[in-house]
Amino acid sequence: MGRAEMRKAAQKKGKGGGRRGAAAASAAAAAGPGKKRFIDYPRWGKTGVRRWLPSWKQWLSAFLLFFATGVGVVFYLYQTTTVPNLKDLVREQNTIYYWADGSEMTRKGDTNRQIVEIQDISPNLQNAVISAENETFRTDSGIDPKGMLRAVYNMAKGGETQGASTITQQYVKNAYLSQEQTLSRKLKEFFITLKINQQMGKDDILKGYLNTSWFGRNANGAQAAAQAYYGVNAKDLNLCQSAMLAGLLKGANYYDPSKPANHDRAVERWKWILDRMVITHNTTPEERAKCTTFPEPIPQKSSSNMNGEISYLVDTVNQYVMATDKSITQQVIDKGGLKIYTTFEKDKVDALKKAVDDVKAENLNPQKRPDNDTFIQFGSASIRPGDGAIVALYGGDGVENGHFDNNANATGVQVGSTFKPFVLATAMQVGVQTAKGDDGKPKRINADSRYLSDDLSEIRKPDGSLVIGDDGKPYRQKNEDAGKRGYVSLRQAMQYSYNVPFVQLNQDVGGQNVADIAVQMGIKKDSLADPKTPTFALGTSTISPIRMATGYGTLAASGKEAEPYSATKVEVDGKERPGFGKKDTKAALEPAVADNVTDVLVNVAKNGTGTKTNSLGRPVAGKTGTTDQNKSAWWVGYTPQLVTSVAMWREDPSKHDRLSLNGTGGKESIHGGDIPTDIFTRYMKVALANEKKMDFPSPQPVGTEVDSSGAPSTATATPTQAPTQTPTEAPSAPQPTQPQPTQPQPTQPQPTQGGGCVPGVDCPPTPPPTHTPKPKPTDTCTLFGCTTPTPTDSTPPTGGGKPGGGGKTSPSSTATP
């Protein structure tokens, strides 16, 4: 009887039987606990905390019970787990792509896989793979407990899991399991790995791994990879080639050196693997020393069902699918079993390709002008504003013609003056730091605000101090010509693409604010140039055509940013995956701001540098862009229903260096208002043929007129005279002021940088100048300015040097839209 029971027994004896009750209780206690319990818990005869603490026997019993149960469960799972027949698992499936209307676009299948024996795989490749992936492969148990625990922990957190650590585990994952990241799949991987390691020798495991691994280029297995990359059999691979192929196992999508963006990364991994082979004694230093030159792979062979624009459409949607669902990798797509429903509309894709092909045929003649009309590249994207659906794109001449890079998603091409609308939008949304509102915040301005447009004008910071060039002298911004137009409205500055007003406006609003607004409108942050450079407003950033269309689409949708997407539905093995299709829009700009910028860009298309679009016969808004040394030309335009960007550049495919477009098509120079606008217009005529004409929203008032420092109080003020003597010429565009005749003056050297509209192309017709001094033969002139050698006389040159951040562009590559 426990203490509680004895207390109750004593109470039952009544108040008068105190002595008898106490005696009975004592007798009960002396009698002991009575019938022994199977589990003595709570513990009899113990008081306080000790009563509730298990004894060492109970602890030991519990441990033995759980251990025996765990061993039994593991034994049961081990015995009931079967290793599937590898040949039954290596089944070929297609990944099918569909047009927006549901009809089949193309399919990827017939995976290139050839099973070979281990003796038919070069020892060089075997050793390279072991050194790179699992140097203890020959002696380990095939299981990496730390790696598996780490993967389970990451899954519990909802994060991404890391790949299997041992070759045996990777072989099991490749051959026997799906790519899903679940606890049940991890358990299966564990037990199959144990059985594989028990039942198969190391050579058989290595053979299975090398025959089932994905190497990219649609090649599964070492034999297919050797043929795809080097045109040889796997047994004939040398050490240098083997190290390159071994590097692909970490991720062929990132280490295939045939992709320009991957090349440097692939070379570094190749060197690392060769060094690891020496460290792990899988090759000798002498053999390693023979690999001095990176073994470049042979050109990739294309499949006929990927010809034309199909390969670029597939590339775009694959990148989007992999970015949206991290469990879907390129290997999963190549393995097959997916159905991908895209946003691409066949009639629009065909119309865009025809527009590019027709303009190329009419303007380019590589046989006649081999030094100017070769290596011409085009990239284009067409998106529905407010929705984000990519309905068409142009990625290049086609893989059948040796062009594998997707130009529609290319980075590395500067966007030029097409970036100016982002500066204007920021001024309207955020305000200029040179004036304060009643609330003390930067004052928001409108398009009637006037800024100095004189060529070679000094640029000032918001505090009034001069911007200094990298040569330590005041920076002067150059327009395309040397005209002096005084103070013009921002509307007119956009119409004729004057540079000086927007470089100054960028200083007034703050380059970082412009960058932030551009990102809100859909531009990728990593594609932007340094916002602190004076030329940031002139489009030194390298933004893809898809993202430029996205940014302008925000304007077309009255400030609502819609993320671009290219897949509406994805099924994997018959099961639909979530997360695809249209996303909710985000408010990037106030509607009044977006509509006012659109109104300014309608004027550009109707009366400015984009007049070719007038033949559409419907309201169009847009902006031209041309860059330093005429290395690229852009037009980005839109209607309320569709926004389309067109980029043109020249690039040597062997070096991936930008070349000047000067002389292309037999023309002195190519600018955004020329060929790119022509392509846009031809395409939009077809794309919008069955859609009604729509007007843009009438813009509501936004901001106030805030003129830059020094602006005259009336609209008839005379042009401002530059503080130093500079060349002058007759106006090349309608003046907002009463022009005052000027006399030619002696030329002073002006080492500056700038860019803008080009007379006869981007600018309206002009009366012939009375005098236009031309650079001497020793001068170096670019779109951003002229650099003149220091004069021999004692007169110092005026103007600042070229600012940093606006120089050479990086090679083109592709990224996730």
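Each chain carries its own residue numbering, running from 1 in the written order of its sequence. Thresholds applied to this predicted model are a pLDDT of at least 70 for local features of residues and 80 or more for the giving and counting of side-chain atom pairs; totals over whole chains, interfaces and linings are not thresholded and use all residues. Note: side-chain values were computed over all heavy atoms of the structure, leaving out hydrogens and water.

J.: Sorry, what's going on with the state of the cysteines here?
T.: As used here, a disulfide is simply a covalent bond connecting the sulfur atoms of two cysteines. Disulfides are defined as cysteine sulfur pairs within 2.5 Å. As enumerated under the stated definition, the model contains 1 disulfide in all. Cys 240 shares a disulfide with Cys 291; S-S distance 2.0 Å. Every disulfide takes its handedness from the sign of the S-S torsion; for Cys 240 and Cys 291 that torsion is -100°, giving left-handed. Taken as a pair, Cys 240 in helix H11 (residues 239-248) and Cys 291 in the loop between helix H14 (285-289) and helix H15 (310-324) lie far apart in primary sequence, 51 residues in all. By the burial criterion, Cys 240 is buried, and Cys 291 matches it. What counts as a helix is a DSSP run of H or I of at least four residues, what counts as a strand is a run of E of at least two, and both are numbered from the N terminus. Throughout, exposure labels follow a simple rule: accessible area from a 1.4 Å probe, protein chains only, divided by the maximum for the residue type, with under 20% read as buried, over 50% as exposed, and the rest as partly exposed.

J.: Is there a simple way to explain unusual backbone geometry in this structure?
T.: In this structure, Ser 558 takes a positive phi of about 55° despite not being glycine. Structurally, the position occupied by Ser 558 is in the loop between helix H22 (545-556) and strand E15 (560-561). With a phi angle near 55°, Asp 573 is a residue other than glycine that sits in the positive phi range. Mapped onto the elements, Asp 573 comes out in the loop between strand E16 (567-572) and strand E17 (575-577).

J.: How do you make sense of the pattern of salt bridges when you look at a structure like this?
T.: Side chains that differ in sign of charge can pair as their charged atoms come close. Put simply, a salt bridge is a Lys or Arg side-chain nitrogen that is within 4 Å of an Asp or Glu carboxyl oxygen. Across all of its chains, the model carries 33 salt bridges by this definition. In this structure, the salt-bridge partner of Glu 362 is Arg 682, at a minimum N-O distance of 2.7 Å. Placement of the pair is Glu 362 in helix H17 (residues 346-363) and Arg 682 in helix H24 (residues 675-687), with a sequence separation of 320 residues. When the shortest N-O distance is used, the salt bridge between Glu 458 and Arg 476 registers 3.2 Å. Separated by 18 residues along the polypeptide, Glu 458 in strand E12 (residues 457-458) and Arg 476 in strand E13 (residues 476-478) bring together distant segments of the chain. For Glu 458, a relative accessible area of 23% corresponds to the partly exposed category. Residues joined in a network through salt bridges with shared partners are Glu 345, Lys 348, Arg 384 and Glu 691.

J.: Got a minute to help me understand the environment of Lys 461 in this structure?
T.: Note on placement: Lys 461 falls in the loop between E12 and E13. Relative accessible area serves as the criterion here: at 39%, Lys 461 is assigned to the partly exposed category. Residues Lys 461 and Gln 504, spaced 43 residues apart in sequence, show a C-alpha to C-alpha distance of 8.0 Å. Whether two residues touch is decided by their heavy atoms; if any such pair falls within 4.5 Å, the residues are in contact. For Lys 461, the residues in contact, after removing those within four places along its chain, are Leu 466, Val 467 and Gln 507.

J.: Is there a simple way to think about the pairing of strand E2 (residues 104-108) in this case?
T.: Remember that side chains alternate between the two faces of the sheet whenever the strand is regular. Pairing geometry for strand E1 (residues 95-98) and E2, over 4 bridges, is antiparallel. Bridged to Ile 96 within E2 is Arg 107. The criterion for strand pairing is that DSSP finds at least two bridges linking the strands in question.

J.: How do you make sense of the sheet that holds E16 when you look at a structure like this?
T.: Sheet strands line up and pair through hydrogen bonds in the backbone, either parallel or antiparallel. Pairing in this open sheet of 5 strands is mixed, and the strands run E2-E1-E5-E16-E17 from one edge to the other. Edge positions in the sheet fall to E2 and E17, since each has one partner strand and no second. Going across the sheet, the axis of each strand differs from the next one's by a mean of 20°, ignoring polarity. For E1 and strand E5 (residues 338-342), the ladder comprises 3 bridges, and the chain directions are parallel. Residue pairing in the sheet places Tyr 97 in a bridge with Ile 340 of E5. Strands E1, E2, E5 and E16 of the sheet are contacted by H15, whose axis makes an angle of about 75° with E2. Lines fitted to C-alpha atoms define the axes here, with helix axes fitted over just the stretch in contact, and angles between the N-to-C directions of these axes take values from 0 to 180 degrees.

J.: Sorry if this is basic, but what is going on with helix H5 (residues 123-133) here?
T.: Residues that lie three or four places apart on an α-helix share one face, since the helix turns once every 3.6 residues. The buried fraction of H5 is high, at 8 of 11 residues. Within H5 the residues assigned to the buried category are Leu 125, Gln 126, Ala 128, Val 129, Ile 130, Ser 131, Ala 132 and Glu 133.

J.: Would you take a moment to explain the packing of aromatic side chains for this structure?
T.: The aromatic pairing rule takes the rings of Phe, Tyr and Trp, using the six-membered ring of Trp, and pairs them if the centres are within 6.5 Å, calling planes under 30 degrees apart stacked, those over 60 edge-to-face and the rest tilted. Scanning the model with the defined rule gives 11 aromatic pairs in all. Ring geometry for Phe 419 and Phe 422: centres 5.1 Å apart, planes at 40°, overall tilted. According to the relative accessible area criterion, Phe 419 is buried, its value standing at 0%. We call a charge positioned above a ring when the Lys NZ or Arg CZ atom is no farther than 6 Å from the ring centre and deviates by at most 35 degrees from the ring normal. The positively charged end of Arg 269 is found above the aromatic ring belonging to Tyr 255, 5.7 Å away from the centroid.

J.: Explain a nonpolar patch on the surface here, please?
T.: Residues forming no salt bridge and having over 30% relative accessible area are the ones grouped into patches, like charges within 9 Å of each other and nonpolar side chains (Val, Leu, Ile, Met, Phe, Trp, Tyr) within 5 Å. Per-residue and other accessible areas follow the Shrake-Rupley method at a 1.4 Å probe size, with only the shown protein chains counted as cover for residues. On the surface, a nonpolar cluster with roughly 680 Å² of combined accessible area is contributed by Trp 56, Leu 60, Phe 63, Leu 64, Phe 67 and Val 71. Here Leu 60 shows up in helix H3 (residues 56-80). A relative accessible area of 41% places Leu 60 in the partly exposed class.

J.: Help me understand the environment of Lys 301 in this model?
T.: Tracing the backbone shows Lys 301 in the loop between H14 and H15. For Lys 301, a relative accessible area of 75% translates into the label exposed.

J.: Would you mind going over the confidence of the model for the chain with me for this structure?
T.: For residues with low pLDDT, the predicted coordinates do not support detailed interpretation. Mean pLDDT for the chain: 81, with 76% of residues reaching 70 or above. The pLDDT score gives, residue by residue, the confidence of the prediction method on a 0 to 100 scale. Predicted confidence is poor over residues 14-18, with pLDDT under 50, and the contacts of this stretch with residues over four places away or in other chains come to 0 contacts. Confidence drops under pLDDT 50 across residues 714-814; counting only partners more than four residues distant or on other chains, this segment forms 242 contacts.

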